[in-house]
Amino acid sequence: MSTRLRVTRIGHACQLIEFGALRVLTDPWFTQTATYYQGEPVASTVPALGRVDAVVISHEHYDHCDLDALVTGGFDLATPVIGPGTVAALARDKGFRDVRAIEAWEATTVGDLTVTAAPGKHGVHEVTFVLQSAERTVFFGGDSLRIPELDTIPDRFGPVDLAILPTNGLCVRPLNHQQVVMDAEEAAGLTAVLKPTMAIPHHYAFHSGRLGDRMLTHGDQDPRHYADAVARLAPGVAVRLVLPGTPVEIP
């Protein structure tokens, strides 16, 4: 019998992924500021998360690396925190005691979980992740752009059970509208290559506030655009649009 694989989106790119009894938290974000709004309910507080076996963090942007919220929420600072060197430095400064710095194609293990960093590209240094336990494989895309290196994941790691991808194509207005996150069509193209059993979009409800949306950022907040694109480009892949707090079992 396959190991149970379940994911619960906490909000934005923060996901609780469960491989049987092993629980992994991704890109934690539990608070907001004047220019960072989740745009949707946050489905859990830090104390309500319960036991977490590992935290994986793609990059140091606040909406993916809310370490202060973990610390003030009483999170166990002995929990392994895994990410690129930029994240590792921040985690050590916050008092986390088991910090693993990995870069593209490097791996570390936590019990039966293998975490491999895959390449990413964003406005700052970023990695994505391949998470594997027993025979189950998850690709977590953080908020990366689509880059050619990600197309090699099936050849490197075999079949993918779950792909979690950003879809809002976020652009930065002061940087001549530079795109820093893959959009729905690009995410669907990557989905067609990964051929996961199930795909779940994230990183679409985020916004920068009434003023920030006019002056700082703009992006696509409708995940149905991704679902429609997958239906065209990868019709065999099941897409789930998931409200925060809803557990999803992956076959």
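Scroll up to find the structure this text is about.
This section reports on the structure supplied with the text. If you're wondering where the values come from, they're calculated on a predicted model, not measured in any experiment.

The 7 strands are arranged β6-β5-β4-β3-β2-β1-β17 in an open sheet whose pairing can be described as mixed. Looking along the sheet, the strands with just one partner apiece sit at the ends: β6 (99–101) and β17 (247–250). On average, adjacent strands in this sheet sit at an angle of 20 degrees to one another, irrespective of strand direction.

Take a nonpolar patch on the surface next. The grouping of L211, M215 and L216 at the surface amounts to a nonpolar patch, some 300 Å² of accessible area in total. Tracing the backbone through its elements, the reader meets M215 in helix α5 (residues 209–215).

Let's shift gears to the layout of surface pockets. As a volume, the largest pocket reaches approximately 280 Å³. Lining the largest pocket are 16 residues, and of these Y36, H61, L170, V172 and T217 sit closest to its centre.

Let us now look at the packing of aromatic side chains. Per the counting criterion, the structure on display carries 7 aromatic pairs. Between Y36 and F206 the ring centres are 5.9 Å apart and the planes differ by 55 degrees, which places this aromatic pair in the tilted class. Residue Y36 is located in the loop between β3 (22–26) and β4 (54–56), and its partner F206 is located in the loop between β14 (198–202) and α5; the two are separated by 170 residues in the primary sequence. In this structure F206 comes out as buried when scored by relative accessible area, which is 7%. Judged by centre distance (6.4 Å) and plane angle (55 degrees), the ring pair of F75 and F96 falls under tilted. Here F96 lies in the loop between α2 (85–93) and β6 and F75 lies in the loop between α1 (67–72) and β5 (81–83), a separation of 21 residues in the sequence. The residues F75 and F96 share a single accessibility class, namely buried. Through pairs of rings, three or more aromatic residues link up here, namely W29, Y36, Y62 and F206.

A few words on the packing of helix α4 (residues 184–194) against helix α6 (residues 224–233). Running from amino to carboxyl end, α4 crosses α6 at an angle of 40 degrees, the nearest separation of the two axes being 8 Å. Taken together, the axis directions place α4 and α6 in an arrangement best described as oblique. The hand of the α4/α6 crossing is right-handed. Along the contact surface, α4 presents A184, E185, A187, A188, G189, T191 and A192, while α6 presents H225, Y226, A229, V230, R232 and L233.

This paragraph deals with the sheet that holds strand β8 (residues 113–119). One open sheet holds the 7 strands; their spatial order is β7-β8-β9-β10-β11-β14-β16, and the pairing between them is mixed. Two strands lie at the open edges of the sheet, namely β7 (107–110) and β16 (238–239), each paired on one side alone. Across 3 bridges, the pairing between strand β10 (residues 136–140) and strand β11 (residues 162–166) is parallel. Its bridge partner lying in β11, F140 is registered against I164. Across the sheet, α4 is in contact with β10, β11 and β14; its angle to β11 comes to roughly 165 degrees.

Before going further, it helps to examine the side chain of H12. For H12, the location among the structural elements is in the loop between β1 (5–11) and β2 (14–19). For H12, a relative accessible area of 1% gives the class buried. Within the local environment of H12, its side chain forms a polar contact with the side chain of D63, the two groups lying 2.8 Å apart. Beyond its immediate sequence surroundings of up to four residues, H12 is in contact with W29, E40, D63, H64, H202, H203 and F206.

Definitions and limits used
- Residues numbered from 1 in each chain as written.
- Predicted model: local features only at pLDDT ≥ 70, side-chain atom pairs only at ≥ 80, totals over all residues.
- Heavy atoms only, no water.
- Pairing = 2+ DSSP bridges.
- Helix = DSSP H or I, 4+ residues; strand = E, 2+ residues; numbered from the N terminus.
- Axes fitted to C-alpha atoms, helices over the stretch in contact; angles between N-to-C directions.
- Patch = residues over 30% accessible without salt bridge, like charges linked within 9 Å, V, L, I, M, F, W, Y side chains within 5 Å.
- Areas by Shrake-Rupley, 256 points an atom, 1.4 Å probe, with all protein chains shown as cover.
- Salt bridge = Lys/Arg side-chain N within 4 Å of Asp/Glu carboxyl O.
- 1 Å grid on protein atoms, 1.4 Å probe; cavity = no way out; pocket = protein on both sides within 12 Å on 5 of 7 lines; lining within 4 Å.
- Points joined across faces, edges and corners; volume = space filled by probe spheres on them.
- Phe/Tyr/Trp six-rings, centres within 6.5 Å; stacked < 30°, edge-to-face > 60°.
- Buried < 20%, exposed > 50% of the residue type's maximum accessible area, 1.4 Å probe, protein only.
- Parallel < 35°, antiparallel > 145°, perpendicular 65-115°, else oblique.
- Left-handed = near helix turned anticlockwise from the far one by under 90°.
- Contact = heavy atoms within 4.5 Å.
- Polar contact = N/O pair within 3.5 Å; in protein donor to acceptor, adjacent residues only side chain to side chain.

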